[in-house]
Amino acid sequence: MHSGMFGLNGFWGLILLALDIWALVSIVNSDRETGSKVLWVLLVFLLPLLGFLIWLIAGPRAVKR
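Description of the structure in this document. Keep in mind that this is a model prediction, so the values were computed, not measured.

Across its full length, the protein chain carries three helices and zero strands. The secondary structure elements of the protein chain, listed N-terminal to C-terminal, are α-α-α. Counting over 65 residues, the protein chain shows a buried share of 14%. On the protein chain, roughly 5400 Å² of surface is accessible, and the fraction owed to carbon and sulfur atoms is 72%.

As structure tokens, this is what we get:
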């Protein structure tokens, strides 16, 4: 077996999966409108890494008034 620079791909895949599941649970449990939830879920589901990063930056920090 080759354990070079990419030897931990499975590990990083599991980390990304755990982060995406955390994001999806947070999105579904949020108090946002249903349409907004659907768009966030689709983004995270279809683009796991990029969707998670966008959600992390723009999603959970909505200003509450």
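From this point, things continue past the structure.
The next thing to look at is the packing of helix α1 (residues 9-29) against helix α3 (residues 48-58). Two numbers describe how α1 lies on α3: the axes approach to 10 Å, and their chain directions differ by 50°. Compared by their axis directions, α1 and α3 come out oblique. Crossing geometry of α1 relative to α3 is assigned as left-handed. Along the contact surface, α1 presents L16, L19, D20, W22, A23, S26 and I27, while α3 presents P48, L49, F52, W55 and L56. Its residues assigned to classes, the contact of α1 with α3 comprises ten nonpolar, one polar and one charged.

Okay, the packing of helix α2 (residues 34-46) against α3 next. Axis separation between α2 and α3 bottoms out at 5 Å; the angle between their running directions is 140°. Accordingly, the angle class assigned to the pair α2 and α3 is oblique. Here W40, L43, V44, F45 and L46 of α2 come into contact with α3, specifically with P48, G51, F52, I54, W55 and A58. Here the residues of the contact of α2 with α3 sort into ten nonpolar, one polar and no charged.

In terms of nonpolar packing, the biggest core is built from six residues, these being A23, I27, W40, V44, F52 and W55. For this core, the secondary structure elements donating two or more residues are α1, α2 and α3. If near-sequence neighbours (up to four positions away) are discounted, W40 is found in contact with I27, R32, I54, W55, A58 and G59.

The next point concerns a nonpolar patch on the surface. A cluster of nonpolar residues, F11, W12, I15, L19, W22, L49, L53, L56 and I57, forms a patch on the protein surface that exposes about 890 Å² of accessible area. Among the structural elements, L49 can be located in helix α3. The exposure class of L49 is exposed, given its relative accessible area of 51%.

Reading the values: rules and limits
- Residues numbered from 1 in each chain as written.
- Predicted model: local features only at pLDDT ≥ 70, side-chain atom pairs only at ≥ 80, totals over all residues.
- Heavy atoms only, no water.
- Helix = DSSP H or I, 4+ residues; strand = E, 2+ residues; numbered from the N terminus.
- Buried < 20%, exposed > 50% of the residue type's maximum accessible area, 1.4 Å probe, protein only.
- Areas by Shrake-Rupley, 256 points an atom, 1.4 Å probe, with all protein chains shown as cover.
- Axes fitted to C-alpha atoms, helices over the stretch in contact; angles between N-to-C directions.
- Parallel < 35°, antiparallel > 145°, perpendicular 65-115°, else oblique.
- Left-handed = near helix turned anticlockwise from the far one by under 90°.
- Contact = heavy atoms within 4.5 Å.
- Nonpolar A, V, L, I, M, F, W, Y, C, P; charged D, E, K, R; others polar.
- Core = buried A, V, L, I, M, F, W, Y, C linked by side-chain atoms within 4.5 Å.
- Patch = residues over 30% accessible without salt bridge, like charges linked within 9 Å, V, L, I, M, F, W, Y side chains within 5 Å.
- Salt bridge = Lys/Arg side-chain N within 4 Å of Asp/Glu carboxyl O.

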